[in-house]
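Descriptive analysis of the structure
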Amino acid sequence: MTFTGFIGTICMFPLRAIINASVALGIHPNVLTFVGVLINVGAAVALGKQHFVLAGVIMIGAAIFDFIDGKVAHLSGKQSLFGAFWDSTLDRFSDQILFFGLIHLYSNLRRTDYVMITALAMIFSIMISYARARAESLIDKCKVGFMERPERIVLFWIGAFTNRMAAVMWVILVLSIITVYNRIHYTYLVLNQKPIPTGPNPVTRGISRAFFWRDERATLPYDLWVIAILAFIWLTPPDWLRDPTATGSGLLAWLGY
């Protein structure tokens, strides 16, 4: 088992209890979805006031409701087409409100550079979902690219709990751009019946696999990407990124640099 798979397995123990309790109480999954969004609004307010740790705790609460609504719908037999639409629509709002909280913070700090970075990250995160939805009206499936919604949520947690939100915004922005490109490129290839590029040698094959992402979560390649992302977030000194909320050399100072 990979380490991301192990973490997922551990997290499922308390989540199963919450899911079973929700089913037993007869709570409608659409209500759970709405409550999760309201909780995330609170997280956005905390981000806007630079209360990052509080925001992280609130986001975990929101994520619990976001995760269990579909499971509760399945177990209680309350799945519906409207429920799927409701969940997908509110998920988009729940995502964007967190970016909005950071934009408010950075604007108050007079950091136009990070207002722009966060706004672009927000735009491309929307485009990730839209590109897949539009592509799957034309082709069977378009689940390519690394930076999907669960990855963004976890990155927000990491940024909040470790005060590395600037590095997180850079990661989300860059990998969201790559993910949107992946989905456009993949749809073009499928529609024109062209093969997926792999590269003529091990180096180009590795680059193609990393940046034209098709691996599932909880696999070894996924873990390697996670390690690389965490290394960037935690080892890149905040001063190098002109972080609006953190200063110093970060973990490099602990290593004697």
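Coordinates for the structure precede this section.
These notes cover the structure that comes with them. All of these numbers come straight from a predicted model, not from anything done at the bench. (Residues numbered from 1 in each chain as written. Predicted model: local features only at pLDDT ≥ 70, side-chain atom pairs only at ≥ 80, totals over all residues. Heavy atoms only, no water.)

1. Section: the environment of Thr162
For clarity, the cut-off: Each helix corresponds to a stretch of at least 4 residues labelled H or I by DSSP, and each strand to a stretch of at least 2 residues labelled E; elements are numbered beginning at the N terminus. Under this definition, polar contacts are N or O atom pairs within 3.5 Å; protein pairs additionally need one hydrogen-donor-capable and one acceptor-capable atom, and for neighbouring residues in sequence, both atoms have to be side-chain atoms.
Checked against the element boundaries, Thr162 lands in helix 6 (residues 149–162). It is 33 Å that separates the C-alpha atoms of Thr162 and Ala133, two residues lying 29 residues apart in sequence. Among the polar contacts made by the side chain of Thr162, one reaches the main-chain carbonyl oxygen of Ile158 at a distance of 2.5 Å. In terms of polar contacts, Thr162 uses its side chain to reach the side chain of Trp234, at 3.4 Å.

2. Let's talk about the pattern of salt bridges
Which entries qualify depends on this criterion: Each salt bridge in this description consists of a side-chain nitrogen of Lys or Arg and a carboxyl oxygen of Asp or Glu lying within 4 Å of one another. Buried residues are those whose accessible area, probed at 1.4 Å on protein chains only, stays under 20% of the maximum for their type, while exposed residues exceed 50% and partly exposed ones sit between those limits.
Considering all chains together, one arrives at 14 salt bridges under this definition. Residue Arg217 is joined to Glu148 by a salt bridge in which the shortest nitrogen-to-oxygen separation is 3.2 Å. Of this pair, Arg217 sits in the loop between helix 8 (202–211) and helix 9 (220–235) while Glu148 is found in the loop between helix 5 (112–135) and helix 6, placing the two residues 69 residues apart along the sequence. The closest approach of N and O atoms between Glu151 and Arg217, which form a salt bridge, is 2.6 Å. Within this pair, whereas Glu151 is found in helix 6, its partner Arg217 is found in the loop between helix 8 and helix 9, the two being separated by 66 residues in sequence. Relative accessible area serves as the criterion here: at 35%, Arg217 is assigned to the partly exposed category. Salt bridges sharing partners connect three or more residues here, namely Arg132, Glu136, Lys143, Glu148, Glu151, Arg183 and Arg217.

3. Details of the packing of aromatic side chains
Convention followed: Only rings of Phe, Tyr and Trp enter the pairing, Trp through its six-membered ring, and a pair is recorded when the two centres are within 6.5 Å. The plane angle decides the type: under 30 degrees is stacked, over 60 is edge-to-face, the rest tilted.
Inspection of the entire model under this criterion finds 10 aromatic pairs. Arranged with centres 6.1 Å apart and planes meeting at 45°, the rings of Phe82 and Phe85 form a pair that is tilted. Of this pair, Phe82 and Phe85 both sit in helix 4 (residues 81–108), separated by 3 residues, roughly a single helical turn. For Phe82, a relative accessible area of 49% puts it in the partly exposed group. When the ring of Phe146 is compared with that of Trp225, the centres are 5.8 Å apart and the planes differ by 35°; the resulting orientation is tilted. Taken as a pair, Phe146 in the loop between helix 5 and helix 6 and Trp225 in helix 9 lie far apart in primary sequence, 79 residues in all.

4. What to know about the nonpolar core
Cut-off, in case you're wondering: Each nonpolar core is a collection of buried residues, namely Ala, Val, Leu, Ile, Met, Phe, Trp, Tyr and Cys, held together in the definition by side-chain atoms within 4.5 Å. Residue contacts are defined here by distance: any two heavy atoms, one from each residue, within 4.5 Å place the two residues in contact.
If you look at the biggest cluster of nonpolar residues, it comprises 44 residues, and the most contacted ones within it are Leu102, Phe146, Phe156, Met165 and Met169. Residue assignment for this core shows that the elements contributing at least two residues are helix 2 (29–48), helix 3 (52–76), helix 4, helix 5, helix 6, helix 7 (165–191) and helix 9. The residues contacting Met165, other than those within four sequence positions of it, are Leu47, Phe52, Leu102, Tyr106, Phe156, Gly159 and Ala160. In this structure, Ala135, Ile139, Val144 and Tyr186 belong to the second largest nonpolar core, which totals 7 residues.

5. Focus on unusual backbone geometry
Unlike most non-glycine residues, Asn163 shows phi in positive territory, near 55°. Relative to the elements of secondary structure, Asn163 occurs in the loop between helix 6 and helix 7. We note that Arg242 has phi near 50°; this positive angle belongs to a residue other than glycine. Relative to the helices and strands, Arg242 is located in the loop between helix 9 and helix 10 (251–254).

6. Some points on a nonpolar patch on the surface
Test applied: Residues forming no salt bridge and having over 30% relative accessible area are the ones grouped into patches, like charges within 9 Å of each other and nonpolar side chains (Val, Leu, Ile, Met, Phe, Trp, Tyr) within 5 Å. Exposure was quantified through the Shrake-Rupley algorithm and a 1.4 Å probe, taking into account, for residues, occlusion by the shown protein chains and nothing else.
Judged by side-chain polarity, Phe3, Phe6, Ile7, Ile10, Phe13, Leu220, Leu224 and Ile227 come together as a nonpolar surface patch covering roughly 810 Å² of accessible area. Mapped by element, the contributors of at least two residues to the nonpolar patch are helix 1 (3–25) and helix 9. Broken down by element, the residue count for the nonpolar patch peaks at 5 residues, all from helix 1. One can find Ile10 in helix 1. On the basis of relative accessible area, Ile10 is assigned to the partly exposed category, the value being 42%.

7. Section: helix 5
Note the threshold: The span expected for a helix works out to 1.5 Å for each residue beyond the first.
If you check helix 5, its first and last C-alpha atoms are 34 Å apart, about what 24 residues at 1.5 Å a residue would give, namely 34 Å. Listed in full, the buried residues belonging to helix 5 are Tyr114, Val115, Ile117, Thr118, Ala121, Met122, Ser125, Ile128, Ala131 and Ala135. For helix 5, the secondary structure elements touched by its buried residues are helix 4, helix 6 and helix 7.

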